[in-house]
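Here are the chains, one letter per residue:
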Amino acid sequence: LFEEKMAAGQGVRPLSLAGHVGFDSLPDQLVNKSICQGFCFNILCIGETGIGKSTLMDTLFNTNFENLESSHFEPQVKLHAQTYDLQESNVRLRLTVVNTVGFGDQMNKQESYQPVVDYIDRQFESYLQEELKIKRSLHNYHDSRVHACLYFISPSGHSLKSLDLVTMKKLDSKVNIIPVIAKADTISKSELHKFKIKIMSELVSNGVQIYQFPLDDETVAKVNTTMNGHLPFAVVGSTEEVSVGNKMVKARQYPWGVVQVENESHCDFVKLREMLICVNMEDLREQTHTRHYELYRRCKLEEMGFKDTDPECKPVSLQQTYEAKRQEFLVELQKREDEMRQMFVQRVKEKESELKEAERDLQGRFEQLKRLHADEKAALEEKKRLLDEDQSSFGKRRAAAQLLQAQSLTANGKKDKDRKK
Amino acid sequence: MLVLALENHTVCTDLFGYVGIEAVLDQMRRKTMKVGLEFNIMVVGQSGLGKSTLVNTLFKSKVSRKSCTPNCEEKISKTVKLHSVSHVIEEKGMKMKLTVIDTPGFGDQINNENCWEPIVKHINEQYEKYLREELHINRKRRIPDSRVHCCIYFLPATGHRLRPIDVEFMKRVGKIVSIVPVIAKADTLTIEERQEFKERIRQDLAANGIRVYPQKEYDDDPEERILNDRIRESIPFAVVGTDKEHQVNGNKVLGRKTKWGIIEVENVAHCEFANLRDLLIRSHLQDLKDVTHNIHYETYRVRRLNESNMNFSELGLSARPLENGTADTSESESHL
């Protein structure tokens, strides 16, 4: 595979070595570096409240993650993430466990899947942002993308719930889904077999793509093929130990017997641990990065209008597209600026004409008032003149009357004098 | 609105029993074996310093054609031409695509000014190619890596100091690629002469601010620093190359036979070829690739993206604030 890929492009010929060169130590060099850096693994557990997510995590990682019981009365689905530093011999693992809180508790479960999808997308977004930064540090970046999603199926024994199908369908292109049947100690062996077949056929008929353990590496192809046939794993979780024979084993004690967690004939817990951690952890991380993340990135960038080829199908680099978009953006900005300026000028003009209009109005009224005033003044002057005339004529008449009176008095006095004599 | 109860602190937890986490190391090994590796090495030096011989000795096969063979009709070219040859070699299941980039004509002209330019151009072209692939919307699963991981610079065994061409080249190219200087044809120096020569070279390198591999600044942890300090004390390695085998004390060894004795190439008492080989291949192969990818390539990328002013946040790439509370940097609206 490697040779074909490499040789195909450039006519590269294989060469034989005359002695030991030493580059076969490369895997060890890589491993040593990884040991120094540490590993990172993120698991998302989706399941109804009380289905056993936290207990299973505790059992898988042989530790106590100190999770509190959640209530059944959450108004919405929430996600609770917690990061742990684990160490086994010289391997350091930074494990992030994300649990859903309140999943399946609401009356209306139509939007239940959305917070989960949003969480997964947010981690992809965060990585994409880091990748697109100019100054970035990807090799130091704490990868928070979800590598594996354990979907907990209720042990009803019949079939999947519609909530399960809807949720898994929404998630199958974003994350590696590994369905598990929780609390499998409530199902008998024969019921379990039928249940598993029913679940798988429902998944297939609904087009849900769950994670398939990889078959391309001969070392693990065989065990992976077998395990693929055992999906979904029926698990039982327990951190309590019960004495069986002369050993203490993790188990659940019932009056009718003891369910041993690590007994493969009791449940598939060991298979889950093998597959999830011991055999395929690296592949889960790789699939997340090369398939799910790339899909997210492609969709996101295409959404923003970036393409690899322009309408004439000539290859277009991101830079060209970016430049084109930038020009578009700047032109748009310029246009908006111009529009705003125009609007401003327009408004100013309008205001100006309004003001002018008002001024004219005012002027008109002033003129009118002035005229009125002048008219009144003229009228008043006329009246005054008339009054003056009246007065003067009256004065004259009075003077005349007085004179007359004076004359008549004198005349009368003479008459009187005459009579007296 | 989703309320996310994300706790930022990590808890250190003890495991009560076996989980199987360490199996991830095996998974990594298997993956590396399946994927194989690409390694690109460039050899720079005047003609006749034994570049091709050294590469052939390093990889124990006829990787490069020696220019002194009778079938070779190449004249000394007027400019530095880069000549790249790829081979696939396999060892114990580990496949490697080895590309050797030769630089005939370097330092051979009478006027050698700017002879490093074609080399710098080639190195940057490889970074550019990788950057373009990385920026595609539809990316390949594995981007073909043609970037130069290591540049071996051949110093002639004059015994004196660095020459101007050496200083100029290493100063310029040392900024963009990991340079490993070697003293070529070191069988003309006695042990004392060799030590003094190396000391003077180290002084010259320090005086000119030239950083050769392994660079001090990139040491990750104290252990690595100690290891690399030891290496830094003995560079440049004085090497001798050959592909001929001779009998010494009943064993077949690689060596050069002369009238006065046989120089065993892989004998550390004779020359430092084994040290070079161990550095390049057996211990620091992955580190060379990492330094090229995480440091030199990133430096190129920063420069390139700044040149074209590609700032994605301008176009409002992030529509939502990041989880840890940092405000998102999209300011497309506020430009107005």
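Residues numbered from 1 in each chain as written. Chains lettered and ligands numbered in written order. Predicted model: local features only at pLDDT ≥ 70, side-chain atom pairs only at ≥ 80, totals over all residues. Heavy atoms only, no water.

*Asks:* Any chance you could break down the overall build of chain A for me, citing the residues and the numbers?
*Replies:* Helix and strand content of chain A: 10 helices and 10 strands. Compactness check: chain A gives a C-alpha radius of gyration of 49 Å against a globular reference of 22 Å for 421 residues, more than 25% above the reference. For chain A, the C-alpha atoms occupy an extent of roughly 185 × 70 × 45 Å along the three principal directions. Counting the 421 residues in chain A, one finds 44% classified as buried. Pairs at least 24 residues apart make up 67% of the contacts formed inside chain A by residues separated by at least 6 positions. Carbon and sulfur atoms provide 53% of the accessible area of chain A, an area that totals close to 24,500 Å². Separation between the mean location of the 61 positive side-chain charges and that of the 64 negative ones in chain A comes to 14 Å. (Helix = DSSP H or I, 4+ residues; strand = E, 2+ residues; numbered from the N terminus. Rg over C-alpha atoms; globule rule 2.2 N^0.38 Å. Buried < 20%, exposed > 50% of the residue type's maximum accessible area, 1.4 Å probe, protein only. Contact = heavy atoms within 4.5 Å. Areas by Shrake-Rupley, 256 points an atom, 1.4 Å probe, with all protein chains shown as cover. Lys, Arg positive; Asp, Glu negative; His and termini not counted. Charge placed at Lys NZ, Arg CZ, Asp CG, Glu CD.)

*Asks:* Go over the environment of A:T290, please, and point to the residues and values.
*Replies:* Note on placement: A:T290 falls in helix α9 (residues 281–303). When its relative accessible area of 17% is taken as the criterion, A:T290 is described as buried. In this structure the side chain of A:T290 is engaged in a polar contact, spanning 3.1 Å, whose partner is the side chain of B:R141. (Polar contact = N/O pair within 3.5 Å; in protein donor to acceptor, adjacent residues only side chain to side chain.)

*Asks:* Just give me the short version of the UniProt feature "coiled-coil region" (unreviewed entry) in chain A, but keep the residues and values in it.
*Replies:* Per the UniProt record, the feature "coiled-coil region" (unreviewed entry) sits at residues 341–389 of chain A. The straight-line gap between the two end C-alpha atoms of residues 341–389 of chain A is 71 Å; of that span, 100% is helix and 0% is strand. (UniProt positions renumbered as here; feature names shortened; annotations may be inferred.)

*Asks:* Which residues make up the interface of chain A and chain B, and what values do they have?
*Replies:* Contact with chain A, which involves 103 residues of that partner, is made by 96 residues of chain B. Between chain A and chain B the total buried area reaches about 9,900 Å² when both faces are included, carbon and sulfur atoms providing 57% of it. Between the two partners, chain A and chain B, sit 13 salt bridges. Of the charged contacts, one joins B:R30 and A:D217 as a salt bridge, the two residues approaching to 3.4 Å between their closest N and O atoms. Put simply, chain A and chain B have 42 residue pairs in polar contact (both at pLDDT 80 or more) between them. Element by element, the count of residues in the side of chain A that touches chain B is highest for α9(A), at 12 residues. With three bridges joining them, strand β1 (residues 13–15) of chain A and strand β3 (residues 83–91) of chain B adopt parallel strand pairing. Pairing of A:P14 across the sheet is with B:V88, part of β3(B). (Buried area = accessible area lost by both parts, 1.4 Å probe. Salt bridge = Lys/Arg side-chain N within 4 Å of Asp/Glu carboxyl O. Pairing = 2+ DSSP bridges.)

*Asks:* Run through the sheet that holds strand β8 (residues 245–248) of chain B, naming residues and quoting values.
*Replies:* All names here are of chain B. The sheet built from three strands is open, its strands ordered β8-β9-β10 with antiparallel pairing. This sheet does not close on itself; its edge strands, each paired only once, are β8 and β10 (261–264). Put simply, the sheet's adjacent strands are angled 65 degrees from each other on average, direction ignored. By the bridge criterion, four bridges tie strand β9 (residues 251–258) to β10 in an arrangement that is antiparallel. Within β10, the position partnered with T258 by the bridge is G261. (Axes fitted to C-alpha atoms, helices over the stretch in contact; angles between N-to-C directions.)

*Asks:* So, the confidence of the model for chain B: which residues are in play, and what are the values?
*Replies:* All names here are of chain B. Looking at chain B as a whole, the pLDDT averages 80, with 82% of positions reaching at least 70. Counting contacts from residues 1–8, a segment whose pLDDT is below 50, to residues more than four positions away or on other chains yields 18 contacts. Low confidence marks residues 316–336, where pLDDT is under 50. Its contacts with residues over four positions away, or in another chain, come to 34 contacts. Prediction confidence for the complex, expressed as pTM and ipTM, is 0.76 and 0.79 respectively. (pLDDT = per-residue confidence, 0-100.)

*Asks:* I'd like a rundown of the pattern of salt bridges, residues and numbers included.
*Replies:* Side chains that carry opposite charge are capable of pairing whenever their charged atoms lie near each other. Within this structure, the stated rule accounts for 54 salt bridges over all chains. The shortest N-O distance in the salt bridge between B:K31 and A:E282 comes to 3.1 Å. You can see B:K31 sitting in helix α1 (residues 23–35) and its partner A:E282 sitting in helix α9, one on each of two chains. A relative accessible area of 27% places B:K31 in the partly exposed class. Classification of A:E282 as buried rests on a relative accessible area of 5%. With a closest N to O distance of 2.9 Å, B:D166 and B:R163 form a salt bridge.

*Asks:* Residues and numbers for the sheet that holds strand β10 (residues 257–260) of chain A, please.
*Replies:* Residue and element names in this part refer to chain A. Here we have three strands laid out as an open sheet, ordered β8-β9-β10, and antiparallel in their pairing. At either margin of the open sheet sits one strand with a lone partner, and together these are β8 (241–244) and β10. Averaged over all neighbouring strand pairs, the angle between strand axes comes to 65 degrees, with direction disregarded. Relative to strand β9 (residues 247–254), β8 runs antiparallel, the two being bridged by four bridges. The residue of β9 that forms the bridge with E241 is K250.

*Asks:* I'd like a rundown of helix α4 (residues 113–132) of chain A, residues and numbers included.
*Replies:* For an α-helix the count is 3.6 residues per turn, leaving residues at separations of three or four pointing the same way. Here α4(A) spans 28 Å end to end across 20 residues, near enough to the 28 Å set by a 1.5 Å rise per residue. Burial analysis of α4(A) places 17 of its 20 residues in the buried class, the great majority of the element. (Expected span 1.5 Å × (residues − 1).)

*Asks:* Lay out the packing of aromatic side chains with the relevant residues and their values.
*Replies:* Under the counting rule described, the total for this entry stands at 14 aromatic pairs over all chains. For the pair A:F124 and A:Y293, a centre-to-centre distance of 6.1 Å together with 50 degrees between the ring planes defines the contact as tilted. Taken together, the residues span a long stretch of sequence, with A:F124 in helix α4 and A:Y293 in helix α9 at a distance of 169 residues. For A:F124, a relative accessible area of 1% corresponds to the buried category. Measuring from ring centre to ring centre gives 4.8 Å for A:Y127 and A:Y293, while their planes differ by 80 degrees; the resulting arrangement is edge-to-face. Here A:Y127, found in helix α4, pairs with A:Y293, found in helix α9; they are 166 residues apart in sequence, far enough to count as distant. Each member of the pair, A:Y127 as well as A:Y293, carries the same accessibility label: buried. Pairwise contacts between aromatic rings join A:F124, A:Y127, A:Y141, A:Y293 and A:Y296 into one cluster. The ring of A:Y293 is capped by A:R145, whose NZ or CZ atom sits 4.9 Å from the centre of that ring. Above the ring of B:Y297, the side-chain terminus of B:R147 is found at 4.8 Å from the ring centroid. (Phe/Tyr/Trp six-rings, centres within 6.5 Å; stacked < 30°, edge-to-face > 60°. Lys NZ or Arg CZ within 6 Å of the ring centre and 35° of its normal.)

*Asks:* Please give an account of helix α6 (residues 189–205) of chain A that cites residues and values.
*Replies:* Residue and element names in this part refer to chain A. With 17 residues, α6 should cover 24 Å at 1.5 Å per step; its first-to-last C-alpha distance of 24 Å lies within 8% of that length. Lining the buried residues of α6 we find β5 (148–153), α5 (162–171), β6 (177–181) and β7 (233–234). Phi for G207, located one or two positions after α6, is positive at around 70 degrees.

*Asks:* Give a detailed account of the nonpolar core, specifying residues and quantitative values.
*Replies:* As a rule of thumb, nonpolar side chains are buried together in soluble globular proteins. In terms of nonpolar packing, the biggest core is built from 96 residues, with A:F61, A:L150 and A:L276 touching the most fellow members. Per element, the largest residue contribution to this core is nine residues, and it comes from α4(A). In terms of nonpolar packing, the next biggest core, distinct from the first, is built from 81 residues, B:I101, B:L135, B:F154 and B:L254 among them. (Core = buried A, V, L, I, M, F, W, Y, C linked by side-chain atoms within 4.5 Å.)

*Asks:* Tell me about the UniProt feature "domain: Septin-type G" (unreviewed entry) in chain A, and name the residues and values.
*Replies:* What UniProt calls "domain: Septin-type G" (unreviewed entry) maps, in this numbering, to residues 37–303 of chain A. Secondary structure across residues 37–303 of chain A divides into 38% helix and 22% strand, with the first and last C-alpha atoms of the span separated by 35 Å.

*Asks:* Requested: an account of the confidence of the model for chain A, with residues and values cited.
*Replies:* When pLDDT drops low, the exact placement of atoms in the prediction is not to be read closely. When the pLDDT values of chain A are averaged, the result is 86; 93% of them are 70 or greater. When mean pLDDT is compared element by element in chain A, β5(A) scores highest at 94, while helix α1 (residues 2–10) of chain A scores lowest at 48.

*Asks:* How would you summarise the packing of helix α8 (residues 269–279) of chain A against α1(B) if you had to cite specific residues and measurements?
*Replies:* For the pair α8(A) and α1(B), the least separation of the axes is 8 Å and the interaxial angle reads 60 degrees. Between α8(A) and α1(B), the crossing angle belongs to the class labelled oblique. Where α8(A) approaches α1(B), its residues A:I277, A:C278 and A:V279 are matched on the opposing element by B:A23, B:Q27 and B:R30. When the residues that make up the contact of α8(A) with α1(B) are grouped by side-chain class, the tally is four nonpolar, one polar and one charged. (Parallel < 35°, antiparallel > 145°, perpendicular 65-115°, else oblique. Nonpolar A, V, L, I, M, F, W, Y, C, P; charged D, E, K, R; others polar.)

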